[in-house]
Amino acid sequence: IVGSFLFRCLQAKPIRIQLELAANGVTRFGIPKSEIGALSLPVPPLPDQRLIADYLDRETARIDAMIAAKERLLELLAEKRRALITRAVTRGLNPDVPMRDSGIPWLGEIPAHWEIKRLKHIGQAIIGLTFDPANTVTDGSGVLVLRASNVKDQRIVLDDNLYVSMKIPDELKTREGDILICSRSGSRALIGKNALIDNTSAGLTFGAFMTVFRSRYNRFLSYVFNSPLFDYQAGSFSTSTINQLTIETLNGMEVPLPPRWEQEEIVRYISDEAAKFDKVHTATEYTISLLKERRAALIAAAVTGQIDVGGAS
């Protein structure tokens, strides 16, 4: 059998499923050597195997190039979205407004009528719930504990849930408008990941590796927290032993703060513009998923002889 043809066979779902069904284990899965040896494969003549492998190399390369282009588009959309947010929360919406030096080198100029505030002066940072593993329940009862896995793309997602059965202090119950922040993790990339609590995620609690920032300015601050202003100041969290964003670091962060009426204008503007980016993002992700499905179907069809690849019998 030609190695490149075998490689494509093992990518084909109808064939690979034999190994998936043979995998055993509880916390770590493995495939017994005997099951690999018992794998059933379609075996056309060697020249046909080479034709099929060459055909799939060409066709999957084309699909992979299209996927790569779409993934690059997603990166560019994310960059443009972030740039739009950053400009709005540091410069406002009026290009003709008088500016002044903020006094902060990495921030530069801000509108003259804006203030610079430390977070500790405009809100409260709260460390999450500490609980014993014995308090966890698996039947969906109890109170849902929000963790880093529940924060995705600046949104709360409730598809990887942990519940505890215990009394939760009122302060540690999420409220609509809270900003939930991943403040401690083994992965540096997760530190600072955050999302605004909405009505579907209010009334829950959050784990000890998470922090809630509670403020009446949070609709505006949620965009600041997803801009380079937050990343720049959060850079001081890393230590040689652990990655964490401490309450002290969070409270000491400085943010530009427009008047309340202007905050609302900026929030509406960013929300409207971000929705346009999100629409393109969703459509692009859907296209990528279709291309990946097409790639998988093409491989399965070619190695099982369901399509003519140019001379293979």
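Residues numbered from 1 in each chain as written. Predicted model: local features only at pLDDT ≥ 70, side-chain atom pairs only at ≥ 80, totals over all residues. Heavy atoms only, no water.

*Asks:* Describe in detail the sheet that holds strand 4 (residues 124-127), supporting the description with residues and values.
*Replies:* An order of 4-14-10-12 is seen for the four strands of this open sheet, with the pairing classed as antiparallel. Strand pairing shows two members of the sheet lacking a second neighbour, strand 4 and strand 12 (194-196), which therefore form its edges. Put simply, the sheet's adjacent strands are angled 20 degrees from each other on average, direction ignored. Here strand 4 runs beside strand 14 (residues 210-214); their pairing, made up of four bridges, is antiparallel. (Pairing = 2+ DSSP bridges. Helix = DSSP H or I, 4+ residues; strand = E, 2+ residues; numbered from the N terminus. Axes fitted to C-alpha atoms, helices over the stretch in contact; angles between N-to-C directions.)

*Asks:* Explain the layout of surface pockets residue by residue, including any values.
*Replies:* One number sums up the size of the largest pocket: a volume of about 1,200 Å³. Around the largest pocket sit 38 residues that line it, and Arg 81, Asp 153, Gln 154, Arg 155 and Asn 226 are the ones nearest its centre. Mapped by element, the contributors of at least two residues to the lining of the largest pocket are helix 4 (46-91), strand 8 (155-156), strand 12, helix 5 (218-224), helix 6 (228-234) and helix 8 (260-303). The greatest single-element share of the lining of the largest pocket, amounting to eight residues, is contributed by helix 8. The class makeup of the residues in the lining of the largest pocket is 17 nonpolar, ten polar and eleven charged. (1 Å grid on protein atoms, 1.4 Å probe; cavity = no way out; pocket = protein on both sides within 12 Å on 5 of 7 lines; lining within 4 Å. Points joined across faces, edges and corners; volume = space filled by probe spheres on them. Nonpolar A, V, L, I, M, F, W, Y, C, P; charged D, E, K, R; others polar.)

*Asks:* Describe in detail the nonpolar core, supporting the description with residues and values.
*Replies:* One finds Leu 119, Phe 213, Leu 221, Phe 225 and Leu 250 to be the most contacted residues of the largest nonpolar core, which totals 54 residues. The set of elements that each furnish at least two residues to this core consists of helix 1 (3-11), helix 2 (13-22), helix 4, strand 10 (179-182), helix 5, helix 6, strand 16 (254-257) and helix 8. Every residue in contact with Leu 221, bar those within four places of it in the chain, is listed here: Leu 119, Ile 122, Ile 179, Phe 213, Ser 215 and Val 255. (Core = buried A, V, L, I, M, F, W, Y, C linked by side-chain atoms within 4.5 Å. Buried < 20%, exposed > 50% of the residue type's maximum accessible area, 1.4 Å probe, protein only. Contact = heavy atoms within 4.5 Å.)

*Asks:* Give me the packing of helix 1 against helix 2: which residues, what numbers.
*Replies:* In a packed pair of helices, the relevant descriptors are the angle between the two axes and the axis-to-axis distance. Contact pair helix 1 / helix 2: the axes reach a minimum separation of 5 Å and the direction vectors enclose 75 degrees. By the angle class used here, helix 1 and helix 2 are roughly perpendicular. Where helix 1 approaches helix 2, its residues Cys 9, Leu 10 and Gln 11 are matched on the opposing element by Lys 13, Ile 15, Arg 16 and Leu 19. The class makeup of the residues in the contact of helix 1 with helix 2 is four nonpolar, one polar and two charged. (Parallel < 35°, antiparallel > 145°, perpendicular 65-115°, else oblique.)

*Asks:* A description of helix 1 should follow, citing residues and the corresponding values.
*Replies:* Taken as a whole, helix 1 has its buried residues at Phe 5, Arg 8 and Cys 9. Seen from one end, helix 1 has its buried residues packed into an arc of 105 degrees, which puts them on one side. (Arc of directions from axis to C-beta.)

*Asks:* Give me unusual backbone geometry: which residues, what numbers.
*Replies:* With a phi close to 50 degrees, Asp 153 is a non-glycine residue in the positive phi region. Assignment of secondary structure puts Asp 153 in the loop between strand 7 (151-152) and strand 8.

*Asks:* I'd like a description of the pattern of salt bridges, backed by residues and values.
*Replies:* Throughout the structure, instances matching the rule amount to 16 salt bridges. A salt bridge links Glu 254 to Arg 118, with the nearest nitrogen and oxygen atoms 3.8 Å apart. Residue Glu 254 is found in strand 16, and its partner Arg 118 is found in strand 3 (residues 115-118); the two are separated by 136 residues along the sequence. Note that Arg 214 and Asp 178 form a salt bridge whose closest N and O atoms lie 2.8 Å from each other. A residue pair is termed long-range when its members are at least 10 positions apart, and Arg 214 in strand 14 and Asp 178 in the loop between strand 9 (162-164) and strand 10 qualify at 36 residues. Overall, Arg 214 belongs to the buried group, its relative accessible area being 12%. For Asp 178, a relative accessible area of 2% corresponds to the buried category. (Salt bridge = Lys/Arg side-chain N within 4 Å of Asp/Glu carboxyl O.)

*Asks:* I'd like to hear about helix 8, residue by residue, with values.
*Replies:* A turn of α-helix holds 3.6 residues, and therefore any two residues three or four places apart point the same way. Between the first and last C-alpha of helix 8 there are 63 Å, a value that for 44 residues agrees with the 64 Å anticipated at 1.5 Å per step. Immediately downstream of helix 8, the backbone of Gly 305 shows phi near 75 degrees, a positive value. (Expected span 1.5 Å × (residues − 1).)

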